[in-house]
Structure formats: C-alpha cells, structure tokens
Amino acid sequence: FGPRIAFVAISVDPLNDTPARLRDYAAAHRADAPGWFFLTGAPGDISEILRRYGAYAKKNDSGSVDHLFLTSLIDRTGQLRVQYLGTRFDAREMQRDLQALLRE
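**What about the confidence of the model for the chain?**
Part 1: Looking at the chain as a whole, the pLDDT averages 90, with 99% of positions reaching at least 70.
Part 2: Considering each helix and strand of the chain separately, the mean pLDDT is smallest for strand E4 (residues 65-67), with a value of 89, and largest for helix H1 (residues 19-28), with 94.

Shown next as structure tokens:
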C-alpha cells in the first residue's frame, strides 16, 4: 500500500454493514492496515457503484445478499481497467496488472 495504491472493499449490504461492523471485520481479518479501506454508504450510492463497475447484488427474502465476488483495478481517473471474478485468481497476474498501472 502507499500513496499510489489503495485497497477498497465496498459493502453491498449497507443496511447491515455499518462503519462499526466494517471496522470490526477489518480488525478480525487483519485487514486494517493503512491504505486498506472498508466502505459503506447510502443504498442508492452503493447501487450506483455496482452499476458503474458492472457488479451485482440482490437482497433475498431471507435478508441475505447474493453478490459477485469481484476484484477490480481502477485507475487514478476512476476508469475500470481489469476485473477478477471470484477468489481464485492468479495473484501474479494481479501484481503484473498493478505494476503496469503504476508505470502509466
């Protein structure tokens, strides 16, 4: 992490994922380092982010939320550059993609 790279996790369940819950989650998973942010917001704002970056989330009748597990690389202008679907993507590929973005 540093001044040129930030990791941002955005909740797709803003009614349940309060800032306090997100802080607890980050601490429990040792993901509370500087440069790593867990964000929530108004449902309309979250919907707009999902739309803008091609993600998906839908609340079920049970109250749980179905969603894509999507990791996106977004450049300094907010432009989506690369997306990885799921949790089993190649970390070396992501590192190469990050390094390419940093060289721009």
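**A look at unusual backbone geometry**
A negative phi angle is the norm for most residues apart from glycine, just as the trans form is the norm for most peptide bonds.
Part 1: Not every positive phi belongs to a glycine, and Arg-30 is a case in point at roughly 55°.
Part 2: One can find Arg-30 in the loop between H1 and strand E2 (36-39).
Part 3: Overall, Arg-30 belongs to the exposed group, its relative accessible area being 77%.

**Some points on the packing of aromatic side chains**
Part 1: For the structure shown, the criterion picks out four aromatic pairs.
Part 2: Taking the centre distance of 6.0 Å and the plane angle of 10° together, the rings of Trp-36 and Phe-38 count as stacked.
Part 3: The class for Phe-38 is partly exposed, based on a relative accessible area of 21%.
Part 4: Judged by centre distance (4.8 Å) and plane angle (25°), the ring pair of Tyr-84 and Phe-89 falls under stacked.
Part 5: The rings of Phe-7, Tyr-25, Trp-36 and Phe-38 are connected pair by pair, giving a single aromatic cluster.

Reading the values: the criteria
- Residues numbered from 1 in each chain as written.
- Predicted model: local features only at pLDDT ≥ 70, side-chain atom pairs only at ≥ 80, totals over all residues.
- Heavy atoms only, no water.
- pLDDT = per-residue confidence, 0-100.
- Helix = DSSP H or I, 4+ residues; strand = E, 2+ residues; numbered from the N terminus.
- Buried < 20%, exposed > 50% of the residue type's maximum accessible area, 1.4 Å probe, protein only.
- Phe/Tyr/Trp six-rings, centres within 6.5 Å; stacked < 30°, edge-to-face > 60°.

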